[in-house]
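# A closer look at the structure
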Protein chains: 2
Amino acid sequence: MYDGVIQELIDQLGRLPGVGPKSAQRIAFYLIETDSEVALELADVLREAKEKVRFCATCGNVSETEQCSICLDPKRELTSICVVEDSKDINSIERTREFRGKYHVLGGAISPIIGIGPDQLRIKDLLKRLSDPEITEVILATNPNLEGEATATYLIRLLGSMEITVSKLASGLPVGGDLEYADDMTLGRAFEGRKRVN
Amino acid sequence: MYDGVIQELIDQLGRLPGVGPKSAQRIAFYLIETDSEVALELADVLREAKEKVRFCATCGNVSETEQCSICLDPKRELTSICVVEDSKDINSIERTREFRGKYHVLGGAISPIIGIGPDQLRIKDLLKRLSDPEITEVILATNPNLEGEATATYLIRLLGSMEITVSKLASGLPVGGDLEYADDMTLGRAFEGRKRVN
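Report follows, based on the coordinates. Position labels on residues start from 1 in each chain and follow its written sequence. Think of it this way: whatever chain is written first is A, whatever ligand is written first is 1, and the rest follow in order. pLDDT decides what is reported in this predicted model: residues at 70 or higher carry local features, side-chain atom pairs at 80 or more are listed and counted, and totals for whole chains, interfaces and linings draw on all residues regardless. Think of the side-chain values as coming from all heavy atoms in the structure, minus any hydrogens and water.

### Some details on the sheet that holds strand E3 (residues 80-84) of chain A
All names here are of chain A.
- One open sheet holds the four strands; their spatial order is E4-E3-E5-E6, and the pairing between them is parallel. The sheet is open, and its two edges are formed by strand E4 (102-105) and strand E6 (165-168), each paired on a single side. Mean inter-strand twist for the sheet, computed between neighbouring axes without regard to direction, equals 25 degrees.
- DSSP calls a pair of strands paired once it identifies at least 2 bridges connecting them. Only DSSP runs of H or I reaching four residues or more are called helices, and only runs of E reaching two or more are called strands; each is numbered from the N terminus. Of the strand pairs in this sheet, E3 and strand E5 (residues 137-140) are connected by four bridges, and their pairing is parallel. Note on E5: the bridge partner recorded for Cys82 is Ile139. For helices, the axis comes from a line fit to the C-alpha atoms of the stretch in contact; other axes are also lines fit to C-alpha atoms, and the angle between any two N-to-C directions lies between 0 and 180 degrees.

See the structure below:
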């Protein structure tokens, strides 16, 4: 334990995701000991981010404007919506350059353990968007884990009665991976989803 | 890449030690997305820490006062000084309750690669403190790595002519460790420093 404000800084840093007590201590001392303005700049940008950043009124992506840059982009296709758990996921998908439609951020996944049900997610907003007849396809891109799969299953059932193509991202072996080290579930999915190539 | 202030926040967080681009992104979104005041509290404590925390005029430890609590403590022995690289190390040693003397923080270790020589460390201040005849022992507690060992060797030579007992922390197998997984250097040191027990 340290005195006063140093311990307070360590405690605050330790509340960040992925930052344990040791890392928090290391970061705190780095911030205190460096002569440069790193700490003050970080304080400023934290304040600024908290003031400026809000969520896109349409898709729920983080944005500094009423609507995010993707929703405002006239070049994006209006026919398909890719459903993701978090804003972060949009960035990952954008890097692939495989998708030119719009997004919808759920704000998490169904997880009874931590008390997140469908009502806590932005599912009603999604249904509202889907009432637009121009939209013909929904791509479910939730995480391939328990919560993400549960959310996808829930949405597949919910959207079943609508005249919309619903698809899910493919599961299988990661590119560059090694068959030997693939877990049973992944390898099983890879078999299940095998594609004929001739 | 994100827009504006979000990317700025990610960049700032990515400059912290041990925080890579992925962690920085994760922390940034956590700070933006949580409704609570975590981000603003962190901004405040960063500012406060940068304003309040300075370095003890005697030993170089972090402190909110002119002298640190250890230097001001009348119960600590005045006869021995433990030399460490960083303020963080003081905390580690204090937890062992093995040492009741005072400390001296060098502010790093000799490392020609990143341009740190003896002149960049608080060695002159150490010599000044050692001119006090009351001090009879110096314990070198630099890190057991290349830079720390180089610093210890430099100090051993420098203090050689003085009438002071100079010692170095023992090297050997870590408690709770497994001989099988010990690296050659550590095991070699453990042999070299073996203690007769009968």
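Back to the write-up after that little detour.
### Some words on the pairing of strand E6 (residues 165-168) of chain B
All names here are of chain B.
- Sheet topology note: the strand E5 (residues 137-140)/E6 ladder contains four bridges and is parallel. Within E6, the residue paired with Leu140 across the bridge is Lys168.
- Seen with its strands pointing away from the viewer, a crossover is right-handed when the path leading from the first strand over the helix to the second is clockwise. Handedness of the crossover joining E5 and E6 through helix H7 (residues 146-159) is recorded here as right-handed.

### Considerations on unusual backbone geometry
Residues and elements named next belong to chain A.
- Although it is not a glycine, Arg97 adopts a positive phi angle of roughly 55 degrees.
- When you line up the elements, Arg97 lands in the loop between helix H5 (87-96) and E4.
- The exposed category is assigned to Arg97, whose relative accessible area is 76%. Throughout this description, buried means an accessible area under 20% of the type-specific maximum (1.4 Å probe, protein chains only), exposed means over 50%, and partly exposed covers the range between.

### Re the packing of aromatic side chains
Residues and elements named next belong to chain A.
- Aromatic contacts are taken between Phe, Tyr and Trp rings whose centres are within 6.5 Å, Trp giving its six-membered ring; a plane angle under 30 degrees counts as stacked, one over 60 as edge-to-face, and the others as tilted. All chains considered together, the criterion is met by two aromatic pairs over all chains.
- Ring centres of Phe99 and Tyr103 lie 5.3 Å apart, and the angle between their planes is 65 degrees; this geometry places the pair in the edge-to-face category.
- Tyr103 sits in the buried class, given a relative accessible area of 1%.

### Section: the pattern of salt bridges
- The salt bridge criterion pairs a side-chain nitrogen of Lys or Arg with a carboxyl oxygen of Asp or Glu, the two atoms within 4 Å. Under the counting rule described, the total for this entry stands at 16 salt bridges over all chains.
- Across the pair Glu41 of chain A and Arg15 of chain B runs a salt bridge whose closest N-O atoms are separated by 3.1 Å. Of this pair, Glu41 of chain A sits in helix H3 (residues 38-52) while Arg15 of chain B sits in the loop between helix H1 (4-14) and helix H2 (21-33), each in a different chain.
- The residue Glu48 of chain B makes a salt bridge to Lys52 of chain B at a minimum N-O spacing of 2.8 Å. Here the residue Glu48 of chain B and the residue Lys52 of chain B both occupy positions in helix H3 (residues 38-52), the gap between them amounting to four residues, near one helical turn.

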